[in-house]
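Survey of secondary and tertiary structure
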Amino acid sequence: MELKKINCKSSELSINSSFDSFTSGVTYDDEFNTLKKNTIGVIECIALSVGGIGLSAATFFVFPNIAASAGTSVPFTVFIGTLCCLSIANTISIFGTYISSSASFFVYITKGLGNEMGFLSLWILITGYLLILSSVILQFSGGFSDLITRYSGFDCPWILCTISVLTIIPTLAYIGIDVVLKTSIVAMILETLVMLVLSLTIVIKGGDQGNYPLALTPVGEYSGGISGIATGLVYCCFLFVGFEGAATLGQETRNPKKNIPIAVFGSIAFAATWFIWAMYSLVVAVGPSNIFSINVNQSPIQHYANRFVGYWFSIIVDIAGVVSGFGVASSWFNIVFRIIYSFGKTKQNGLISYLGKTNRRFKTPHFAIISLIIFIIIMIGLIVGSTQKINSKSCWEVYNYLSFTGTIPIIIIFIITNIAVIRYVKLNQKQDFQIIRHLILPILSSIIFILVLIINFLSNSKIYPLQYFLIGLGSFLLIGVAITLYLHFYKKDYLKNMLD
């Protein structure tokens, strides 16, 4: 196997290497261990990002969580969340201009802050992504279980729905990303049309208590106030988490340095426009005085479809929600196994190197896919074992805790990436450095996300049993810090060999 040296000090960083251009600039000329190149365009990239967000599923299942804290100010909270996400999208687009990789944040932070922070970022990133993947699978399983129970009378265990999704999604992932994205585009169009009909009908009819323009502001008798909006922002971040999914398609995208930034900004703009409108329509449907009585463990959408359109339409809405949930789970599965694949492309030997291998026919990382399936099975076993229940209610309870907890590591990654982009451009792309875009905006973005973390920690650290999820998350992240320090002081060559 021939090794080729390339220059990594300028924008000549290339996605044309199977090493994924996030390590030392060494490329492995192995045609069987690379992903398909130039397979997808900007529309497909947006489809993965929007699919990871899940327009209908997020509207269905995240609205109650935001409303429980932000009250009628849900649309305003989404607007603030959009600004937060646009700030980090600026950082991702900057890195995407110079570096394209399926490792996304891992490579960005490694290039900007060095090997130690790169390793720690991988630890944090995988922690957050695995928690979120688990939560979206529970989201689909709970929704599908509720649908079967509602229309058949059979109390369907959510675990049966999980088995179905673990059969179909990995199969599609094995065949290739182009198949997944084409399926996602069709499903996304259909589910959005269904929800558009419902939201328009609700607003035209005036919902439960008439239209309520104050929902677009942070004020009003039934607003959750500043603290409630701040708490809702974490769920808003979860609402948008997935928009960065396009960044993991660097190796497979045509003209990635142009198309990836377009896809990242495009997915946020499209999703934000939809969410603000859809959330407003749901506030109107609920009625301002009823906003704090929503059950966070059950989506109210089916009820409103039945009430404002008709029973027949509530069935269609239920199906659209399940389809959207499947799309979200599929997108996240593809995002996460690409991160695992990128880790396998480092210079470590042994079992880790197998994660970076692809099959000869479809050029998809089958070992990374298998390892992810094993993790999900273990996670399902832990959930069933800890709750001692398999009905959908227990599924939704765990989903709420995992979705909140899993978003926190992603916010931490956003903060670190903002710091990394400042140093990376200053040292490696001096000719392009701009004070506002490359310094002020990343700093402001970091401050916003830090404030969100602090406010939410103070608000939720004593809520049972969420406090134990947060303690577990903090302990696991501290283990990652300890391992990083150990590698830095005692195994520096190991760390260098892995990431350089």
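You'll find the structure just up there.
Here's what I pulled together on the structure shown here.

Description of empty space enclosed by the protein
Throughout the structure, instances matching the rule amount to five cavities of 30 Å³ or more. Taken as a whole, the largest cavity spans an internal volume of roughly 80 Å³. Along the walls of the largest cavity sit 13 residues, with Gly-51, Ser-184, Met-188, Glu-191 and Gly-327 positioned nearest its centre. Breaking the lining of the largest cavity down by element, the ones donating at least two residues are helix H1 (42-53), helix H7 (177-205) and helix H11 (311-344). Looking at the lining of the largest cavity, its residues break down into seven nonpolar, five polar and one charged. Every residue lining the second largest cavity is listed: Gly-52, Ile-53, Ala-58, Val-62, Ile-132, Val-136, Gln-139, Phe-238, Leu-239, Val-241, Val-328 and Trp-332. Of all elements in the fold, only H1, helix H2 (55-70), helix H5 (115-152), helix H8 (225-240) and H11 reach the threshold of two or more residues within the lining of the second largest cavity. Residue contributions to the lining of the second largest cavity peak at three residues, all from H5.

What to know about a nonpolar patch on the surface
A grouping of Ile-435, Ile-436, Ile-440, Leu-441, Ile-443, Leu-444, Ile-447, Leu-451 and Ile-455 is seen on the molecular surface, where their side chains present a nonpolar patch of about 760 Å² in accessible area. Here Ile-455 is to be found in helix H15 (residues 435-460). Ile-455 sits in the partly exposed class, given a relative accessible area of 33%.

Quick notes on the packing of aromatic side chains
Summed over all chains, the structure comprises 17 aromatic pairs. Here the aromatic rings of Phe-95 and Tyr-424 are separated by 5.4 Å at their centres, their planes lie at 45 degrees, and the arrangement is tilted. With Phe-95 in helix H3 (residues 74-98) and Tyr-424 in helix H14 (residues 392-428), this pair connects stretches of sequence that are 329 residues apart. Both residues of the pair, Phe-95 and Tyr-424, count as buried. Residues Phe-414 and Phe-449 carry aromatic rings whose centres are separated by 5.4 Å and whose planes lie at 55 degrees to one another, so their mutual orientation is tilted. Of the two residues, Phe-414 is situated in helix H14 and Phe-449 in helix H15; the sequence distance between them amounts to 35 residues. Phe-449 carries the same exposure label as Phe-414, and that label is buried. Among the aromatic side chains, those forming a connected cluster through ring pairs are Phe-95, Tyr-98, Phe-105, Tyr-108, Phe-414, Tyr-424 and Phe-449. The ring of Phe-433 carries Lys-426 above its face, with NZ or CZ at 4.6 Å from the centroid.

A few points about the packing of H5 against helix H6 (residues 158-175)
Packing of H5 against H6 leaves a shortest axis separation of 8 Å and a crossing angle of 120 degrees. Taken together, the axes of H5 and H6 lie oblique to each other. The hand of the H5/H6 crossing is right-handed. Of the residues in H6, those touching H5 at Ile-137, Leu-138, Phe-140, Ser-141, Phe-144, Ser-145 and Ile-148 are Trp-158, Cys-161, Thr-162, Ser-164 and Val-165. Along the lines of polarity and charge, the residues of the contact of H5 with H6 split into eight nonpolar, four polar and no charged.

Comments concerning the side chain of Thr-484
Within the secondary structure, Thr-484 is located in helix H16 (residues 466-490). Judged by relative accessible area, which is 7%, Thr-484 ranks as buried. Each residue touching Thr-484, except ones within four places of it in the same chain, is listed here: Glu-116, Phe-119 and Leu-120.

Topic: the pattern of salt bridges
Going through the model one piece at a time under the given rule, you end up with two salt bridges. Across the pair Asp-318 and Arg-150 runs a salt bridge, and its minimum N-O distance is 2.7 Å. Within this pair, whereas Asp-318 is found in helix H11, its partner Arg-150 is found in helix H5, the two being separated by 168 residues in sequence. For Arg-150, a relative accessible area of 34% gives the class partly exposed. When the shortest N-O distance is used, the salt bridge between Asp-208 and Arg-307 registers 2.8 Å. Residue Asp-208 is located in the loop between H7 and H8, and its partner Arg-307 is located in helix H10 (residues 301-308); the two are separated by 99 residues in the primary sequence. Residue Asp-208 is classed as partly exposed on the basis of its relative accessible area, which comes to 29%. Taking the relative accessible area as the measure of exposure, Arg-307 reaches 41% and is therefore partly exposed.

Description of the packing of H2 against H11
At their nearest, the axes of H2 and H11 sit 7 Å apart, and the two run at 110 degrees to each other. When the axes of H2 and H11 are compared, the pair comes out roughly perpendicular. Contacts between H2 and H11 involve Leu-55, Ser-56, Ala-57 and Phe-60 from the former and Val-317, Ala-320, Gly-321, Ser-324, Gly-325 and Val-328 from the latter. Here the contact of H2 with H11 is built from residues that sort into six nonpolar, four polar and no charged.

Considerations on the layout of surface pockets
Volume-wise, the largest pocket comes out at about 970 Å³. Together, 32 residues line the largest pocket, and Leu-130, Leu-131, Phe-375, Met-379 and Leu-382 are the ones closest to its centre. Elements represented by at least two residues in the lining of the largest pocket include exactly H5, H11, helix H13 (366-387), H14 and H16. The element that contributes the greatest number of residues to the lining of the largest pocket is H13, accounting for eight residues. Along the lines of polarity and charge, the residues of the lining of the largest pocket split into 21 nonpolar, eight polar and three charged.

Cut-off values and rules
- Residues numbered from 1 in each chain as written.
- Predicted model: local features only at pLDDT ≥ 70, side-chain atom pairs only at ≥ 80, totals over all residues.
- Heavy atoms only, no water.
- 1 Å grid on protein atoms, 1.4 Å probe; cavity = no way out; pocket = protein on both sides within 12 Å on 5 of 7 lines; lining within 4 Å.
- Points joined across faces, edges and corners; volume = space filled by probe spheres on them.
- Helix = DSSP H or I, 4+ residues; strand = E, 2+ residues; numbered from the N terminus.
- Nonpolar A, V, L, I, M, F, W, Y, C, P; charged D, E, K, R; others polar.
- Patch = residues over 30% accessible without salt bridge, like charges linked within 9 Å, V, L, I, M, F, W, Y side chains within 5 Å.
- Areas by Shrake-Rupley, 256 points an atom, 1.4 Å probe, with all protein chains shown as cover.
- Salt bridge = Lys/Arg side-chain N within 4 Å of Asp/Glu carboxyl O.
- Buried < 20%, exposed > 50% of the residue type's maximum accessible area, 1.4 Å probe, protein only.
- Phe/Tyr/Trp six-rings, centres within 6.5 Å; stacked < 30°, edge-to-face > 60°.
- Lys NZ or Arg CZ within 6 Å of the ring centre and 35° of its normal.
- Axes fitted to C-alpha atoms, helices over the stretch in contact; angles between N-to-C directions.
- Parallel < 35°, antiparallel > 145°, perpendicular 65-115°, else oblique.
- Left-handed = near helix turned anticlockwise from the far one by under 90°.
- Contact = heavy atoms within 4.5 Å.

In short, geometric facts, not functional conclusions.
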